Amino acid sequence: MIKFVLMVNRQGQTRLSRYFQPVELSRRAALEADVVRCCLSRKKDQCSFVEYKDFKLVYRQYAALYIVVGVTDSENELSVYELVHNFVEVLDKYFSRVSELDIMFNLDRVHIILDEMIQNGHVVETNKSRVLAPLTALDKMGD
């Protein structure tokens with residue numbers, strides 16, 4: 001099960017956070033800082049799967065952004081790694097080469113995409129067209 005998804009830049013600033021299990025607000029900042037420090041301190045030739053406290057971290061770097069997913073020990077790391085790549089491909093398809101600024105200024109759209117793919121910590125959809133269908137409908141209504 002997926003516990004959380006974080007998107008952070010190289011400076012450690014959180015650009016997106018989505019929790020699928022309750023975490024107190026007072027603990028979120030410390031958790032995010034510790035998780036980000038753990039992932040950013042690793043070298044490029046090291047594995048993208050990290051044992052962290054009572055769960056695992058799966059992370060992937062895209063340009064200046066890191067996407068970090070916290071998962072339970074029973075979750076398959078490779079499938080989560082592939083999910084992260086699929087998420088970025090969907091963002092690329094929607095934004096035509098997604099950038100950190102796209103995420104910052106369209107956070108609501110990014111959350112819609114993430115919520116279409118993951119619900120209650122479980123992957124429910126990976127098909128790019130189906131994931132983007134609600135946003136396509138919203139965009140058509142706005143025109």
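Residues numbered from 1 in each chain as written. Predicted model: local features only at pLDDT ≥ 70, side-chain atom pairs only at ≥ 80, totals over all residues. Heavy atoms only, no water.

The name given to the protein in an unreviewed UniProt entry is AP complex subunit sigma, with the source organism recorded as Pagothenia borchgrevinki. Listed under Subcellular location (unreviewed entry) in UniProt, the entry text for the protein is "Endomembrane system". (UniProt positions renumbered as here; feature names shortened; annotations may be inferred.)

A. Structural view of the pairing of strand β3 (residues 49-52). With burial as the criterion, only one face of β3 is covered, namely that bearing Val50 and Tyr52; the residues Phe49 and Glu51 on the opposite face remain uncovered. As defined by bridge partners, β3 adjoins strand β4 (residues 55-62) across four bridges and the pair is classed as antiparallel. The partner of Phe49 across the bridge, within β4, is Val58. Here β3 hands over to β4 after two residues, with Lys53 in that stretch at a positive phi of 50 degrees. (Buried < 20%, exposed > 50% of the residue type's maximum accessible area, 1.4 Å probe, protein only. Helix = DSSP H or I, 4+ residues; strand = E, 2+ residues; numbered from the N terminus. Pairing = 2+ DSSP bridges.)

B. Fine view of the nonpolar core. If you look at the biggest cluster of nonpolar residues, it comprises 27 residues, and the most contacted ones within it are Phe87 and Ile113. Elements with a minimum of two residues in this core: β1 (2-9), β5 (65-71), α2 (77-95), α4 (107-117) and α5 (128-142). Per-element tally for this core: the top contributor is α2, with eight residues. Beyond its immediate chain neighbours, meaning those up to four positions away, Ile113 contacts Phe87, Val90, Leu91, Tyr94, Val131, Leu132 and Leu135. With 16 residues, the next largest nonpolar core counts Phe4, Tyr52, Phe55 and Leu57 among its residues. (Core = buried A, V, L, I, M, F, W, Y, C linked by side-chain atoms within 4.5 Å. Contact = heavy atoms within 4.5 Å.)

C. Structural view of helix α1 (residues 25-40). The end-to-end C-alpha separation of α1 is 23 Å, in line with the 22 Å expected for 16 residues at 1.5 Å each. What α1 keeps buried is the set Leu31, Glu32, Val35, Val36 and Cys39. In a view along the axis of α1, the buried residues occupy a sector of 125 degrees, so they form one face of it. For α1, exposure combined with an orientation more than 90 degrees from the buried face picks out Ser26, Arg27, Ala29 and Arg37. (Expected span 1.5 Å × (residues − 1). Arc of directions from axis to C-beta.)

D. Molecular detail of the UniProt feature "domain: AP complex mu/sigma subunit" (unreviewed entry) in the protein. Under the UniProt annotation, "domain: AP complex mu/sigma subunit" (unreviewed entry) lies at residues 1-141. Between the C-alpha atoms that bound residues 1-141 there is a distance of 35 Å. The span itself is 47% helix and 26% strand.

E. Representation of the sheet that holds β5 within the structure. Sheet architecture is open: five strands sit in the order β2-β1-β5-β4-β3, paired in antiparallel fashion. Strands with a single pairing partner mark the edges of an open sheet, and in this sheet they are β2 (14-19) and β3. Between one strand axis and the next, the sheet turns by 20 degrees as a mean value, whatever way the strands run. Where β1 lies against β5, seven bridges are found, and the strand directions are antiparallel. The partner of Ile2 across the bridge, within β5, is Val71. Contacting β1, β2, β3, β4 and β5, α1 crosses the sheet at an angle of about 65 degrees to β1. Sitting on the sheet, α4 is in contact with β1 and β2, with an inclination near 35 degrees to β2. (Axes fitted to C-alpha atoms, helices over the stretch in contact; angles between N-to-C directions.)

F. Region of the structure containing α2. An ideal rise of 1.5 Å per residue puts 27 Å on 19 residues; α2 measures up with 27 Å between its terminal C-alpha atoms. Turning to α2, its buried residues number three or more, namely Val80, Leu83, Val84, Asn86, Phe87, Val88, Val90, Leu91 and Phe95. For α2, the side-chain oxygen to backbone nitrogen distance between the N-cap and Leu78 is 2.9 Å, and the N-cap itself is Asn76. Of the residues trailing α2, Ser96 is marked for its positive phi of about 55 degrees. (Polar contact = N/O pair within 3.5 Å; in protein donor to acceptor, adjacent residues only side chain to side chain.)

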